[in-house]
Amino acid sequence: MTIERLGIVGGGQMGAGIGEVAAKAGIDVVIVEAAAEIAEKSQGRISASLEKAVSREKISRADADATLARLQFSTEPGELADRQFVIEAIVENLALKEDLFAKLDSIVTDPDAILASNTSSIPIIKLAAQTNRPDKVIGTHFFNPVPVMALLELVQSLKTSEETVERARSLGEQLGKQMILSKDRAGFIVNYLLVPYIVNAIKMFEEGFASAEDIDNGMKLGANHPMGPLELADFIGLDTMLFVQEVLYAEFADPFYAAPPLLRRMVDAGLLGRKTGEGFYRY
Ligand SMILES: NC(=O)c1ccc[n+]([C@@H]2O[C@H](COP(=O)([O-])OP(=O)(O)OC[C@H]3O[C@@H](n4cnc5c(N)ncnc54)[C@H](O)[C@@H]3O)[C@@H](O)[C@H]2O)c1
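Residues numbered from 1 in each chain as written. Predicted model: local features only at pLDDT ≥ 70, side-chain atom pairs only at ≥ 80, totals over all residues. Heavy atoms only, no water.

**Q** Even after reading the chapter, I still don't get the sheet that holds strand S1 (residues 5–9), so can you show me in this structure?
**A** Through backbone hydrogen bonds, the strands of a sheet pair up, either in parallel or in antiparallel fashion. What the eight strands build is an open sheet, ordered S3-S2-S1-S4-S5-S6-S7-S8; its pairing is mixed. Looking at which strands have only one partner, the edges of the open sheet turn out to be strand S3 (71–74) and strand S8 (178–183). Between one strand axis and the next, the sheet turns by 25 degrees as a mean value, whatever way the strands run. Across three bridges, the pairing between strand S5 (residues 114–117) and strand S6 (residues 137–142) is parallel. (Pairing = 2+ DSSP bridges. Helix = DSSP H or I, 4+ residues; strand = E, 2+ residues; numbered from the N terminus. Axes fitted to C-alpha atoms, helices over the stretch in contact; angles between N-to-C directions.)

Written out as structure tokens, the structure is:
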């Protein structure tokens, strides 16, 4: 059951993190990016993360070098042909993901290979339906930053086989993660609970009920959360937050999930949180 050859499509925040953890675990990893300069950035991101781990004495120099040697970067999806397990981690956009799953199905030659998605919100069956192996398509929802967060949320669609769930669980064990299993519904387990919590914090801030600092300190000091909800929204990225929220709203048609106008305006203004240097806070 051990996975030796993993493919990742999209080497951004999440794809790079998954690649780093997998290569550290001794797995041969190919990361496919959309363009050469982004692939270089992805490699740089992983090198920087490993450097930090070496300086904090969490990993030896030799292990960091061996980890980097197990990672290949490419712009050619054909490089994924021999993979036993491929994880898609491109932008949260249904049309792009559907197109990619159709392509992966013909590129990945082993008919038993698993095609997984790291989507935060898109129902897995929509991606599985683009392939001739819907029983081998599963959600593998990692959390950010992947090297730090223990959780891997597995998402079983109506067509995902039990064997696929077990193989994904086994990969999660190789990566040192702890798994939970969710059915295939927008938000899965964690975002179904987390998103309305963050939405309520944004509404509170928008109404002028309390300052961002007081909202965040309330939850950090009073509920022992490591980050407050507005800090967390900035960390996730407000564009990603808005997209996930829209998927939840479309699925449940419940005003509880409706995006506050302030969130939309901040996204329109390019205030996306940490990644653009400003969101609810300045970085
Ligand atoms: N950011 C989070 O906290 C978080 C947490 C869990 C899950 N996710 C999910 O993970 C996925 C990726 O999110 P992210 O935060 O890493 O985004 P990101 O924008 O940092 O990275 C996405 C990467 O995909 C690349 N890409 C886009 N289209 C591609 C294609 N066709 N082929 C190859 N590469 C392509 C982009 O160049 C970019 O580098 C999304 O589905 C997101 O919902 C994000």
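**Q** Looking at this structure, I do not really get the domain arrangement of the chain. What am I missing?
**A** Note: interface size is frequently given as the accessible area lost on complex formation between the parts. Segmentation of the chain into domains returns domain 1 (5–183) and domain 2 (192–276). Domain 1 and domain 2 are separated by 27 Å when their C-alpha centres are compared. Between domain 1 and domain 2, the contact holds eight residues from the first and five residues from the second. Note on domain 1 versus domain 2: buried area summed over both sides is about 570 Å², and carbon and sulfur give 66% of it. Counting across the interface, domain 1 meets domain 2 through zero residue pairs in polar contact (both at pLDDT 80 or more). A class-by-class count of the residues in the side of domain 1 that touches domain 2 yields two nonpolar, five polar and one charged. (Domains from an automatic or database assignment. Contact = heavy atoms within 4.5 Å. Buried area = accessible area lost by both parts, 1.4 Å probe. Polar contact = N/O pair within 3.5 Å; in protein donor to acceptor, adjacent residues only side chain to side chain. Nonpolar A, V, L, I, M, F, W, Y, C, P; charged D, E, K, R; others polar.)

**Q** For this particular structure, what's the right way to read the layout of surface pockets?
**A** Gaps left between atoms show up when a probe the size of a water molecule is rolled over them. As a volume, the second largest pocket reaches approximately 680 Å³. Contributing to the lining of the second largest pocket are 25 residues, with Ser49, Lys52, Pro145, Pro147 and Val148 lying nearest its centre. For the lining of the second largest pocket, the elements supplying multiple residues, two or more each, are helix H1 (13–24), helix H2 (36–55) and helix H9 (229–236). For the lining of the second largest pocket, the leading source of residues is H2, giving six residues. Of the residues that constitute the lining of the second largest pocket, the class distribution is eleven nonpolar, five polar and nine charged. Per-domain counts for the lining of the second largest pocket show at least three residues from each of domain 1 (5–183) and domain 2 (192–276). (1 Å grid on protein atoms, 1.4 Å probe; cavity = no way out; pocket = protein on both sides within 12 Å on 5 of 7 lines; lining within 4 Å. Points joined across faces, edges and corners; volume = space filled by probe spheres on them.)

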